[in-house]
Amino acid sequence: MDGLGVRVPGVLLADDSRHRYPADVAVVEDVAGGTLEALLKTDPARASNALSELAAMLDVMHRQHSQHYGRVDVLERGDKASGNSCEQLVLERAIEDLAEAAERDPTIGSAAASLHNRLQELATRVAPRTQHGLIHGELGPDHVLVDASGHPVLIDIEGLMFLDVEWEHVFLQLRFGDQYPALSRPGLDSARLDLYMLAMRLSLVAGPLRLLDGNFPHRTVMQEIAEHNAKEALALLVS
């Protein structure tokens, strides 16, 4: 990321020899300027500049291409992601999320067959692709810090992967909301956007409800996320 000019916290020391200390050690730059999410509320003008820089960084990332898709660390080991294409991988996971959500949410359960058919229909519209862009994977305004000079700094990059950039843009649209137009770009594949949006909505139903099976503390928040995304998923049946 640093080689691409994409700002991330600097690694000052990384030592896995365990000679200095009986554990792996890393000393990482402390970016103390707070998150872009907070800045959007407290200083919109300064946040706007950071958004513009963030858009430029994303452009650089998304122009990095690989014929293979999957997490960067997996690909660097010489392994490969499952499935034969990004859209197949997303479809298979969406079908699994749908089945899981249908067991826990009556509104999804009653529309499960229609949602399954819609996923299959959307997948048939996606044309094959042989190049995949470098994406963050979970980029919300809470995963962007702003340094003392006002520059955006990406964090939580352990999921960095080569995938369809439309997956990134669907997530950006959901997380940035009204601020997304500053990050939007022309040339995105509308068929992929449609499939990935429904898949993302179903994931955001199944995931929170899965957490509620255990002792997750913030139960009301997770329930609200699941209910909101269930409504949005059902709305996509008639879009």
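Right above here is the structure, for reference.
To start, this report covers the structure provided alongside it. (Residues numbered from 1 in each chain as written. Predicted model: local features only at pLDDT ≥ 70, side-chain atom pairs only at ≥ 80, totals over all residues. Heavy atoms only, no water.)

**Digging into the side chain of Asp189**
Where we set the bar: Where helices and strands are cited, they refer to DSSP runs of H or I of at least four residues and of E of at least two residues respectively, numbered from the N terminus. The definition of a polar contact used here is a pair of N or O atoms within 3.5 Å, where within protein one atom must be able to donate a hydrogen and the other to accept one, and adjacent residues in sequence count solely through side-chain atom pairs. The contact criterion used is simple: two residues touch if any of their non-hydrogen atoms lie within 4.5 Å.
By the element assignment, Asp189 lies in the loop between α7 (165–176) and α8 (190–211). Within the structure, Asp189 has its side chain in polar contact with the side chain of Arg192 (distance 2.8 Å). With residues near it in sequence (within four places) discarded, Asp189 still touches Arg129 and Glu166.

**Comments concerning the nonpolar core**
Note the cut-off: Each nonpolar core is a collection of buried residues, namely Ala, Val, Leu, Ile, Met, Phe, Trp, Tyr and Cys, held together in the definition by side-chain atoms within 4.5 Å. Note on exposure labels: buried denotes an accessible area under 20% of the residue type's maximum, exposed denotes more than 50%, and partly exposed covers the range between, all computed with a 1.4 Å probe on protein chains only.
Membership of the largest hydrophobic core comes to 38 residues, with the highest contact counts inside it found for Leu119 and Trp167. Those elements that place two or more of their residues in this core are α4 (86–104), α6 (112–124), β8 (161–163), α7, α8 and α9 (219–235). It is α8 that contributes the most residues to this core, 11 residues altogether. For Trp167, the residues in contact, after removing those within four places along its chain, are Val90, Ile135, Gly137, Tyr196, Ala199 and Met200. Core analysis: the second largest hydrophobic core is formed by 26 residues, Met1, Met61, Val72 and Phe162 among them.

**Brief notes about α7**
Here is the rule we go by: For a helix, the expected span equals 1.5 Å multiplied by the residue count minus one.
The terminal C-alpha atoms of α7, which comprises 12 residues, lie 16 Å apart, in line with the 16 Å expected from a rise of 1.5 Å per residue. In terms of residue burial, α7 counts as a mostly covered element, since nine of its 12 residues are buried. What α7 keeps buried is the set Val165, Glu166, Trp167, Glu168, His169, Val170, Phe171, Leu172 and Phe176. Elements that come into contact with the buried residues of α7 comprise α1 (36–42), α2 (44–62), α4, β5 (132–135), β8 and α8.

**Structural notes on unusual backbone geometry**
Peptide bonds are trans in most cases, and residues, glycine excluded, mostly fall at negative phi. The residue Arg18 is not glycine, and still its phi comes out positive at about 65°. With respect to the helices and strands, the residue Arg18 is situated in the loop between β1 (11–15) and β2 (25–28).

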